[in-house]
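Residue-level listing of the chains:
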Amino acid sequence: MSDPIETQGPETPDSGAGMSQGHVLDLKLPIGWLLSAYGVLLTVYGLVTKKEMYQISLGLNLNLAWGILMIVIGGGFLLAAFLKKGRKAG
Amino acid sequence: MQAPIIALNAVDYAIIAGYILVMVLVGYSLKKYMKTGEDFFLSGRSLPSWITGLAFLSANLGALEIIGMVANSAKYGIATVHFYWVGAIPAMVFLGVFMMPFYYGSRVRTVPEYLKRRYNERTRGLNAISFAIMTILMSGISLYAMALLFKVMLGWPFHTSVLFAAVVVLLYVFWGGLSSSIYNEVIQFFLIWLGLLPIVFLGLRQVGGFAGLAAKFAATMREPLLHSIKFLGTSNNPLGVDWFGVVMGLGFVLSFGYWTTDFLVVQRALASKNINAARMTPIIAAFPKMLVPILVVIPGLVALLVLPQYSQSAVPATDYNSTLILLMKYYLPNGLLGLAITALLASFMSGMAGNVTAFNTIWTYDIYGSYIRKGRPDAHYVKVGKWATVVGVLISIGTAYIALGFKNLMDYMQLIFSFFNAPLFATFLLGMFWRGATGAGGFWGLLVGILTAAGHYLLFKLGVIHYHSDMAANFYQAWWAWLADFVVTIGVSLFTAKRDPKELAGLVFGLTPKPKAHRRWYARPAVWGALAIAVAVALNLIFW
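Fair warning: this is a prediction, and the values are worked out from it, not measured in the lab.

What to know about the overall build of chain A
- On a plain count of helices and strands, chain A comes out with two helices and zero strands.
- Taken over 90 residues, chain A has a buried fraction of 27%.
- Taking all contacts inside chain A whose residues are at least 6 apart in sequence as the whole, residues at least 24 apart take part in 73%.

The following block contains the structure:
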């Protein structure tokens, strides 16, 4: 994610004495793990459940479809977090 | 006891448990960063704007808000979009472009602290105490509504839900302070969209898309439900409010009052890592905010067409507050159901956590640190803040049981806003943009504004003044409270001693150097703000 706003501009205030070093926990990681885990759970559940259960969702196995979507979104967050980490380390 | 509306299975419970586990772990892992007061109360002023922006939006996207707006949409139709495109976007852009330089630039830690520096100690005290009461009431309302909903919907015991949610919120706010609260809000943002979009998708699929929706309403002579503005010429429309009430009451006073002066939302911007990020916070939030009607308005309209409870032959005076719950039962299979419940649970808990963090900050800085124990070392105030969290949660449990006595929670909340936020906006507007406003003017204006709201409320309840709907009463109450504050502040200021302009540098427009424009045009708040306004205007025209 190349968010232009996220990058530190020249207007960053001086970090004087007593300023914190910032909170280094990358929020992309817990979001990514949570959404991917949900995605895997829903996908597996969608695969093992019978068609009759999906009558209410207009006959669509939405657990399966939504599970895959959530794996993609969660995986995207994890990928972004790891890329950022790699950039910092490199 | 009545049988629960919805039956959950093990997969649903696993999804709920996963969310709670992640929240507690995130709170625990933040513990080691909480060294100073700024860390605990303002996230060390270190967060990027995408995080503060999403938290800024989610702080307002509580479960009550979502359930209430789906209900509004079933009741009032597309006019519900006014709460977003008229009642939020302009205020959010105004906050980011014009007001944030004074909030963030002056390095104040809270909204009352700004009032102290701009006006005087008394004005701060009035605001700090009324705000502390308001947040703790709101936090109790979240807790109460959650426990009640889960009792009716899932059959969970009321007291257990209250205690369990209170303990989880307490743990992660105690450990991680504002950061915990903000991180929970960002996670909630994604859960709300992922949890509720299946309903929107299935609903539109069943009625045949937007075209099918429109055709079905036209066929049943309910066309006014499909227009936001066309029928606002008089108050004879689904909302029961005329254009003046919508534009001035909701669009101007209520919305600007809430978005620009409520510390609950402003605190998120103050946690940003620099002034540009702080200014971008509400503007970044404005874009997803414009899309929230997809989640709330479409389900409300679909419900009118598909749910047997809302068919035109059904008994009128249906309870619209259960619209969303009925739709969840109607469309979602187990699995997705757990996800949707988790989304609601997350927004209840983050609603409570947001209020608790705003409370402990105001209590520690503006009440304890100003009137009870001044000038202690920073570590002392962090400790006080942590204990204020515990006490805040305990009082919330108490107020949750007080809330048992109120029938309509949404009206109750709007009422609280029109009492405290609406007049406060006049105080801020004059304080930031007119150097002639004096300390005495600020205090008396605010006090008279609050009293005007109280007086208006009394007259309305006694039947002396009449409106087409409670909503119209709220809008006009906000307007009169604002006007009273505005006029009194100016009047008193003209006859009281002015402050030395040097003391007001950094606090008032015209006495503050303009923030340097960002080098790159695409990172400038004004550019994005203008774009947000343009999109909002276009949306209003499309759904005229």
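Now that the structure has been shown, we can carry on.
Topic: the overall build of chain B
- Check the secondary structure of chain B and you find 20 helices and zero strands.
- Taken against the 2.2 N^0.38 rule, which gives 24 Å for 544 residues, the C-alpha radius of gyration of chain B at 23 Å falls within 12% of a compact globule.
- Projected onto its principal axes, the C-alpha coordinates of chain B cover approximately 70 × 55 × 55 Å.
- Expressed as a percentage of its 544 residues, the buried residues of chain B come to 59%.

A word on the environment of Ile66(B)
Residue and element names in this part refer to chain B.
- Here Ile 66 is to be found in helix H4 (residues 63–76).
- Residue Ile 66 is classed as buried on the basis of its 20 C-beta neighbours within 10 Å.
- Each C-alpha atom, one on Ile 66 and one on Leu 344, is 8.7 Å from the other, the two residues being 278 residues apart in sequence.
- Each residue touching Ile 66, except ones within four places of it in the same chain, is listed here: Leu 61, Val 296, Leu 324 and Ser 347.

Section: the confidence of the model for chain B
- Per-residue confidence for chain B gives a mean pLDDT of 85; residues scoring 70 or more make up 91%.
- Interface confidence for the predicted complex, expressed as ipTM, amounts to 0.86; the pTM equals 0.88.

Quick word on the interface of chain B and chain A
- Between chain B and chain A, the contact holds 48 residues from the first and 33 residues from the second.
- A total of 10 residues in the side of chain B that touches chain A trace back to one element, the largest contributor, which is helix H9 (residues 158–207) of chain B.
- Here the residues of the side of chain B that touches chain A sort into 29 nonpolar, 13 polar and six charged.

Quick word on the nonpolar core
- Membership of the largest hydrophobic core comes to 206 residues, with the highest contact counts inside it found for Met92(B), Tyr103(B), Ala165(B), Val169(B) and Ala340(B).
- Apart from the residues within four sequence positions on either side, Met92(B) is in contact with Trp259(B), Pro282(B), Ile283(B), Ala285(B), Ala286(B) and Lys289(B).

Some thoughts on unusual backbone geometry
- Located in the positive-phi region is Leu58(A), a residue other than glycine, with phi close to 55 degrees.
- When you line up the elements, Leu58(A) lands in the loop between helix H1 (28–48) and helix H2 (62–89).

Examining the packing of H9(B) against helix H13 (residues 275–306) of chain B
All names here are of chain B.
- Two numbers describe how H9 lies on H13: the axes approach to 9 Å, and their chain directions differ by 45 degrees. In terms of their interaxial angle, H9 and H13 are classed as oblique. Considering how the two elements wind past one another, H9 and H13 form a crossing that is left-handed. Across from Leu 196, Ile 199, Val 200, Gly 203, Leu 204, Gln 206 and Val 207 in H9, the residues of H13 making contact are Ile 294, Leu 295, Ile 298, Pro 299, Val 302, Leu 305 and Val 306.
- Each residue belonging to the contact of H9 with H13 can be placed in one class, and the counts come to 12 nonpolar, two polar and no charged.

Quick word on helix H18 (residues 439–461) of chain B
- With 23 residues, H18(B) extends 33 Å from end C-alpha to end C-alpha; this agrees with the ideal 33 Å at 1.5 Å per step.
- Of the residues flanking the end of H18(B), it is Gly463(B), one or two places downstream, whose phi is positive at about 85 degrees.

Concerning the environment of Ile372(B)
All names here are of chain B.
- Mapped onto the elements, Ile 372 comes out in helix H15 (residues 336–372).
- Exposure remark for Ile 372: the 10 C-beta atoms within 10 Å place this residue in the exposed category.
- Considered as a pair, Ile 372 and Ala 214 are 158 residues apart in the sequence and their alpha carbons are 60 Å apart.

Describing the environment of Gly44(B)
Residues and elements named next belong to chain B.
- Tracing the sequence through the fold places Gly 44 in the loop between helix H2 (37–42) and helix H3 (49–58).
- By the C-beta count within 10 Å, which is 24 here, Gly 44 ends up buried.
- Separated by 29 residues in the primary sequence, Gly 44 and Ser 73 place their C-alpha atoms 40 Å from one another.

Thresholds, definitions, all that
Residues numbered from 1 in each chain as written. Chains lettered and ligands numbered in written order. Predicted model: local features only at pLDDT ≥ 70, side-chain atom pairs only at ≥ 80, totals over all residues. Helix = DSSP H or I, 4+ residues; strand = E, 2+ residues; numbered from the N terminus. Buried ≥ 20, exposed ≤ 12 C-beta atoms within 10 Å, placed from the backbone. Contact = placed C-beta atoms within 7 Å. Rg over C-alpha atoms; globule rule 2.2 N^0.38 Å. pLDDT = per-residue confidence, 0-100. Nonpolar A, V, L, I, M, F, W, Y, C, P; charged D, E, K, R; others polar. Core = buried A, V, L, I, M, F, W, Y, C linked by C-beta atoms within 7 Å. Axes fitted to C-alpha atoms, helices over the stretch in contact; angles between N-to-C directions. Parallel < 35°, antiparallel > 145°, perpendicular 65-115°, else oblique. Left-handed = near helix turned anticlockwise from the far one by under 90°. Expected span 1.5 Å × (residues − 1).

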